[in-house]
Amino acid sequence: MSTKILVTGATGQLGSAVVKALTHRGFEVKAASTNPAKVSAGKRVAAVKMDYTDPATFDEAFKGVDRLFLIALPLDPDAPEKLRPIIDKAKTVGVNHIVFNSALGVDHNEQAPLRIIERYLMGSGVNYTILRPNFFMENFATGFAAPMIKAQGGIFLAAGDGKTSFISTGDIAEAVAAAFAEKHYGKEYNLTGPQALDHVEVAAIVGEAAGRQVTYHSLTEDEMLKAVRESGVPEGSAQYLALLYSLVRAHLMAAVTDGVMEVTGRKPKGFREFAQEHRQVWK
């Protein structure tokens, strides 16, 4: 029996952290990417090409694996159409456990793309674990907000004064690894950091860590949409982003849960600790 795990999105912020957490626990990993050359292959890690829009890549990706970490492309309104065939393929080849990375709050909206995938997975007959993390702390260090902080000394978002219980991808990855290792079948976990912060507080913590002034600029939704469109983000993804920040403004992303502790047995990292670890990024 194989004990190899297929990790989708393996070169992304979360996927790369999941590969690291799994191999640290001794798992063998197939790291899937549309560009496998970007995968840091090595001991216990084999790179493989996988494209959600190209079923011809599925056979090789699933060869020799019996577990799957599944993640949607960022801000993809068409995620259900892309991921349902992946779940079907996993079932066909005998994958016995799928850990799906969803998002906090989608279980309150049956029309949300990630909720549609959750429901499909639940009905697939394959053992599953669903993780619903909040916004990543890494968005400020290696994600979309990092360049604006470094170049402009500011965070420009339509988040209003809403608070968010940001979580580190490292904590999510540890939850993924624990879910596989301990067979958390049929479980759903809402994952957050230990505290909720508004973006004024985030800017202050980042600025303190970096030793420079960082300011939060509260945009209107139209202003944010204009900026992301001008940066080349597709319209569907831009609207998806706007929806997410409307939830922040409505104070719906501030909940703090014990999910990380439930899955991993330890407390999640706080934002101040995260900022200190990444302070060189913003200097």
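Coordinates for the structure precede this section.
Bear in mind that the values here come from a model prediction, so they are computed numbers and not experimental data.

## Remarks on helix α3 (residues 79–92)
Here α3 contains 14 residues, and its C-alpha end-to-end distance of 20 Å stays within 8% of the 20 Å for a straight helix at 1.5 Å per residue. Every buried residue of α3 is listed here: A79, P80, L83, I86, I87 and A90. Buried residues of α3, viewed axially, fall in a sector of 130 degrees; they line one side. Contact partners of the buried residues in α3: α2 (58–62), β4 (67–71), β5 (97–101) and α4 (113–122). Taken from the residues just after α3, G94 is the one with a positive phi, measuring 90 degrees.

## As for unusual backbone geometry
Although it is not a glycine, L75 adopts a positive phi angle of roughly 55 degrees. Within the element layout of this structure, L75 appears in the loop between β4 and α3. Exposure remark for L75: the relative accessible area of 24% places this residue in the partly exposed category. Even without being glycine, H251 reaches a positive phi, approximately 65 degrees. Its location among the elements puts H251 in the loop between α9 (235–249) and α10 (259–264).

## A closer look at helix α8 (residues 221–230)
Taken together, the buried positions of α8 are occupied by M224, L225 and V228. The buried residues of α8 all sit within an arc of 100 degrees when viewed along its axis, so they share a single face. Of the residues in α8, the exposed ones pointing more than 90 degrees away from the buried face are D222 and E230.

## Digging into the packing of α3 against α4
The contact between α3 and α4 brings their axes to 9 Å, and the two run at 20 degrees. Of the possible angle classes, the one that applies to α3 and α4 is roughly parallel. As for how α3 packs across α4, the hand of that crossing is right-handed. Every residue of α4 that contacts α3 at A79, P80, L83, R84, I87 and D88 is listed here: P113, I116, I117, Y120 and L121.

## Considering the packing of aromatic side chains
Tallied over the full model, the rule gives 5 aromatic pairs. Ring plane angle 85 degrees and centroid distance 5.8 Å describe the contact between F140 and F271, whose orientation is recorded as edge-to-face. Of this pair, F140 sits in the loop between β6 (128–133) and α5 (146–152) while F271 is found in helix α11 (residues 271–277), placing the two residues 131 residues apart along the sequence. Judged by its relative accessible area of 2%, F140 is buried. Between F271 and F274, the ring centres sit 5.7 Å apart and the planes meet at 45 degrees, which makes this aromatic pair tilted.

## Details of the pattern of salt bridges
Scanning the entire structure with this criterion turns up 17 salt bridges. Measuring nitrogen to oxygen at the nearest pair gives 2.7 Å for the salt bridge that ties E118 to R115. Of this pair, E118 and R115 both sit in helix α4, 3 residues apart, which is roughly one turn of the helix. With a relative accessible area of 0%, E118 lands in the buried category. Taking relative accessible area as the criterion, R115 reaches 5% and is therefore assigned buried. Put simply, D107, E110, R115, E118, R119, R132 and E188 are held in one network by salt bridges that share partners.

## Details of the sheet that holds strand β3 (residues 45–49)
Overall, parallel pairing links the 7 strands, which are arranged β3-β2-β1-β4-β5-β6-β8 in an open sheet. Each edge of the open sheet carries a strand with a single partner, namely β3 and β8 (187–191). Across the sheet, the axes of successive neighbouring strands diverge by a mean angle of 20 degrees, strand direction being ignored. Relative to strand β2 (residues 28–33), strand β1 (residues 4–7) runs parallel, the two being bridged by 4 bridges. Counted as the bridge partner of K4 is E28 from β2. The sheet strands contacting helix α6 (residues 169–181) are β1, β4, β5, β6 and β8, and the helix crosses β5 at an angle near 165 degrees.

Conventions we followed
- Residues numbered from 1 in each chain as written.
- Predicted model: local features only at pLDDT ≥ 70, side-chain atom pairs only at ≥ 80, totals over all residues.
- Heavy atoms only, no water.
- Helix = DSSP H or I, 4+ residues; strand = E, 2+ residues; numbered from the N terminus.
- Expected span 1.5 Å × (residues − 1).
- Buried < 20%, exposed > 50% of the residue type's maximum accessible area, 1.4 Å probe, protein only.
- Arc of directions from axis to C-beta.
- Contact = heavy atoms within 4.5 Å.
- Axes fitted to C-alpha atoms, helices over the stretch in contact; angles between N-to-C directions.
- Parallel < 35°, antiparallel > 145°, perpendicular 65-115°, else oblique.
- Left-handed = near helix turned anticlockwise from the far one by under 90°.
- Phe/Tyr/Trp six-rings, centres within 6.5 Å; stacked < 30°, edge-to-face > 60°.
- Salt bridge = Lys/Arg side-chain N within 4 Å of Asp/Glu carboxyl O.
- Pairing = 2+ DSSP bridges.

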